[in-house]
Each structure stands twice: as structure tokens, then as C-alpha cells.
Amino acid sequence: MPDKGSCTVIVGCQWGDEGKGKIVDVLAEQVDIVARYQGGANAGHTVHVGDDQFVLHQIPSGVLHAGRRCLLGNGVVLDVQQFFEEYDALLKRGIDIEGRVGVSYRAQLLMPYHRFLDKAVELAADTKIGTTGRGIGPAYEDKAGRRGVRVADLLSPNRLDKRINAAKDRVATRLEELGAGTEELNEAMERTLALSERLLAIATDVGPEISGALRSGRNVLLEGAQGTALDLDHGTYPFVTSSNTTAGSAATGSGIGPTQITDVIGIVKAYTTRVGEGPLPSSMAPQMDEHVRMLGGEFGATTGRPRRCGWFDSVLTRFASQVNGLTGIAVTKLDVLDTLDEVKIATAYKTADGRTREFFPADTWSLAEVEPVYETMPGWHSSTCDVRRIEDLPRNARAYLDRIEELTNAPVCFVSVGTKRSQIITVD
Ligand code: IMP
């Protein structure tokens, strides 16, 4: 029997930081459940409600809407300590989340030693990735290596002890090899394990819960973290995160079947940003880079690092459209470009041998050498912040969006023109 409810995936189509948090927050109004399907505390989803700003790292962005059920699927790596800090901070700020948040029994636990390893490996590496230092890579390594600890392991203290003791020995040897200290690790482990009961109290079977909700006509949002170009398989490897960020993993990471997904909305910023190491082909010249960073407040929500800025790269977003099977796109931060004289869109890459390519290459190292082919369009020199209907946008801004839509091969369904909930244009 087909589901009666809708299941929409929200996926980043650049290098993360596309503004997914804001779009999830806006769409959460129309759904009953919001679930995260991958990543962990490396994400930083910023949501503005009235004059308040919330930065969510692990709890889904739908949490700011009363009554919405918020789930963390099996695909996430859960930093328990950070998770409850975030949980308690929300409670303190008056967000009633008791009974609304659930975590999959199948989710992997990100332990303090994963954080220690992440930092030590990065420090010692010849090729630095510029990770967030949140332990994401080592946690997914343990998952793939079948050494991980899952929420369900907390049900059996004996089994848990065994797995953790084995991990401790392994980690101590590895950290010693890397010349890293382990002070405070034991204490951090104790603090994490002390939260076991609290975590078990909210553990649930996420896949069956979502499937049951869909069958009974309730609507679901599956919230991705990071972006397509940071996907472990499809991104700019090795300068990627350690999970599949793309829409295919929304089913795997939440425990439902792919045929239950009804829509995939790709989030693209009206320009491009990247934080961490790795190529950014459409990067802006230094002065413009600095200017747009200031206009857009482009500093990492998790690490505070300045983001590199680039022009809209349609080679990447066209690839993202294909790999995610987009049914629509939401363009965010259009207002950031309001004062520019002209805006550029990269439509192809010129490679070192003089050829023009329209497809995002698998060879990351060649990507570092390409020269983008740009189309330059006139700016609109007028504020879009108060526009609420697409037909009321300045003509040049509409032309810019039309071109993005054409080059990305997906219809624009939302345009965000500011940080507030109300600053959104919904396109029929
Ligand atoms: P990790 O996910 O911490 O292992 O970092 C791997 C790469 O992904 C680094 O380049 C990070 O800067 C980047 N990254 C991870 N999470 C985010 C995010 O939420 N937004 C933007 N970049 C991210």
C-alpha cells in the first residue's frame, strides 16, 4: 500500500553551509517529523526565530517548531556529550523538546577518543583535510571497520565494556604513534558513559517510526548535513567528510526504503563557499572574496573559520542535480548579492590542455587546475530583503535565478532573501 504522507529530502548541493537549516525550519511548519540521516556534530545549522539565533549541530532544525518529532537516524555518528549539551541549552532557552527527540538504536556513538584521534591525525598529516576536529572521520572508520559502538550496545553493560576496552587499547597505541597526549581522555569517556541511561530513554527504531508515520499520512523531512561536494563518494575526495551526504543515503541513513522518498530539494547558495582544504574552482579574486565574506557573514558555524567565497558554480550544481535526483532547488542568500555591480556564473571548466568540460570531474587534483568559463550578468542594485513574490524581484535578479535554474536542471521552488523565517519566496 502506498504511503499517504510525503517524504522530502533536503540536501546541500555545494560544499555545505548552503542554508539548509533555514529551509528545514521553514518547511518544518508543514511536516510532523524531521530526521537527520548522516554526519554528526561537524554540522552547524543556523536558524533565526524572531531576534533569536540558534546554531544546531546534531538536533534536527525542525526542533524549533512546537510539536515536531525530531529523529537522529542510524546514519549519524552521535557525540552524546555534545548532543545533551545542545539538548539542555534548548530547554534552557524555553524550547520544549522533552519527548520530541529520538535517536536510532542503530546510530554509532562518537566517543571522545574519536575527537582526540581526528585532531592528532590531522596534525600529523601531510595532506591536511581541514576537518572540523569533531571526530567524524575516526568514528565512521570504526563503523566501517565493525569496531564501532552503537546506541543498542548500551543495553548490555558487559558487551559495552568489552567493546570499549578493546577500543581504548587500540586508541592508546595509535595516539602514542602519533605523538599525541591522552590527558583528559579518561575523564571525557566517563562523562560520556554517564549519559547512557539518559540516551537509552530516548532511543527508538527510527526507520519503522518514519515508515509508520508515512503510512498514516504524516509528512516527513529528511535533513542532510554538509553538501554534495563533501560526499565521501561523489565529492572532492579526499577533501570530503566521511559520510554520504547525498540524497541516496537519506534512505539508508534513516532506515526507510528509497521508494518512500517523494521529493528531493537541493539547497544552493546564490554564490559558493567552502571551508577547510581542497579546491574551489570558482573562487573570487581576493578583494571580492573578502567583500562577499563580510556581506554574507561567511564564517563557519561550528569552527568559526572564515569561508572562502566563489561565484555560483553551475558545473557543480548540475552534477549535484544529477547525483541527488533533484525535484527542485532552494536558492539561499540572494540578498547578499544585492549591492554587487555584476554577478558571475561558472558554466564550464577549461582544463590545463585547453579543453572545455561541462561535467564535474572525478579527479580532484585536476579540479585544482581548471579555469572556470564565466557568464557575467548585471547586478540589480536594489534590496531583495522585503520581496515575498518571485514576480516582485528586480528584473536582473530574476534573470540570474532563471539562468541558475536552467543550468542546474531543476526548478527553483524557494528563494531565501534574509535570515528571518518570513524572508522567503515560495515559487508555485
Ligand atoms: P569533517 O567532516 O570534520 O571530517 O571535515 C571534513 C571536511 O568537511 C572539512 O573540509 C570540513 O571543513 C568540511 N565540513 C564538515 N562539516 C561541514 C559543514 O557542516 N559545513 C561545511 N563544511 C563542513
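Refer to the preceding data block for the structure.
Residues numbered from 1 in each chain as written. Predicted model: local features only at pLDDT ≥ 70, side-chain atom pairs only at ≥ 80, totals over all residues. Heavy atoms only, no water.

S.K.: Looking at this structure, how should I read the overall build of the protein chain?
M.R.: When you go through the protein chain residue by residue, the secondary structure sums to 13 helices and 20 strands. Its C-alpha radius of gyration of 21 Å places the protein chain within 12% of the 22 Å reference for a compact globule of 428 residues. With the C-alpha coordinates of the protein chain rotated into their principal frame, the extents come out at 65 × 50 × 40 Å. Out of the 428 residues in the protein chain, the part that is buried amounts to 57%. Per element, the accessible surface of the protein chain, about 18,000 Å² overall, is 49% carbon and sulfur. (Helix = DSSP H or I, 4+ residues; strand = E, 2+ residues; numbered from the N terminus. Rg over C-alpha atoms; globule rule 2.2 N^0.38 Å. Buried < 20%, exposed > 50% of the residue type's maximum accessible area, 1.4 Å probe, protein only. Areas by Shrake-Rupley, 256 points an atom, 1.4 Å probe, with all protein chains shown as cover.)

S.K.: Can you walk me through the pattern of salt bridges in this structure?
M.R.: Once the charged atoms of two side chains with opposite charge are near each other, the side chains can pair. Applying the stated criterion across every chain yields a total of 22 salt bridges. The residue Lys20 makes a salt bridge to Glu18 at a minimum N-O spacing of 2.7 Å. There is no split in this pair, since Lys20 and Glu18 are both buried. The closest approach of N and O atoms between Arg106 and Asp205, which form a salt bridge, is 3.9 Å. Of this pair, Arg106 sits in the loop between β7 (101–104) and β8 (108–110) while Asp205 sits in the loop between β9 (203–204) and α8 (206–215), and the two are 99 residues apart along the sequence. Counted as one network, the salt bridges with shared partners bring together Asp17, Lys269, Glu298, Arg307 and Lys333. (Salt bridge = Lys/Arg side-chain N within 4 Å of Asp/Glu carboxyl O.)

S.K.: Even after reading the chapter, I still don't get the nonpolar core, so can you show me in this structure?
M.R.: Nonpolar side chains in soluble globular proteins tend to be buried together. Formed by 53 residues in total, the largest nonpolar core has its most connected members in Val9, Ile210, Leu222, Ile261, Leu334 and Tyr400. If one sorts the elements of this core by residue count, helix α13 (residues 395–408) sits on top with five residues. Beyond its immediate stretch of four places on either side in the chain, Ile210 contacts Ala35, Leu71, Val220, Leu222, Ser254 and Ile256. Membership of the second largest hydrophobic core comes to 40 residues, among which are Val63, Cys70, Leu72 and Ile202. (Core = buried A, V, L, I, M, F, W, Y, C linked by side-chain atoms within 4.5 Å. Contact = heavy atoms within 4.5 Å.)

S.K.: Just to check I follow, could you spell out the pairing of strand β4 (residues 52–56) for this structure?
M.R.: Each regular strand carries side chains that alternate between the two faces of the sheet. Where strand β3 (residues 45–49) and β4 come together, five bridges link them in antiparallel fashion. By the bridge assignment, Val49 is partnered in β4 with Asp52. Turn length for the β3-β4 hairpin, with the two strands adjacent in sequence and antiparallel, is two residues, and the turn residue Gly50 shows positive phi of about 60°. (Pairing = 2+ DSSP bridges.)

S.K.: Can you help me understand the side chain of Ser254 in this one?
M.R.: Considering the arrangement of structural elements, one finds Ser254 in helix α9 (residues 248–254). A polar contact is formed between the side chain of Ser254 and the backbone oxygen of Ala250, at a distance of 2.6 Å. Sequence-distant contacts of Ser254, that is, excluding residues within four places in its chain, are made with Tyr37, Gly73, Asn74, Val206, Gly207, Ile210 and Leu222. (Polar contact = N/O pair within 3.5 Å; in protein donor to acceptor, adjacent residues only side chain to side chain.)

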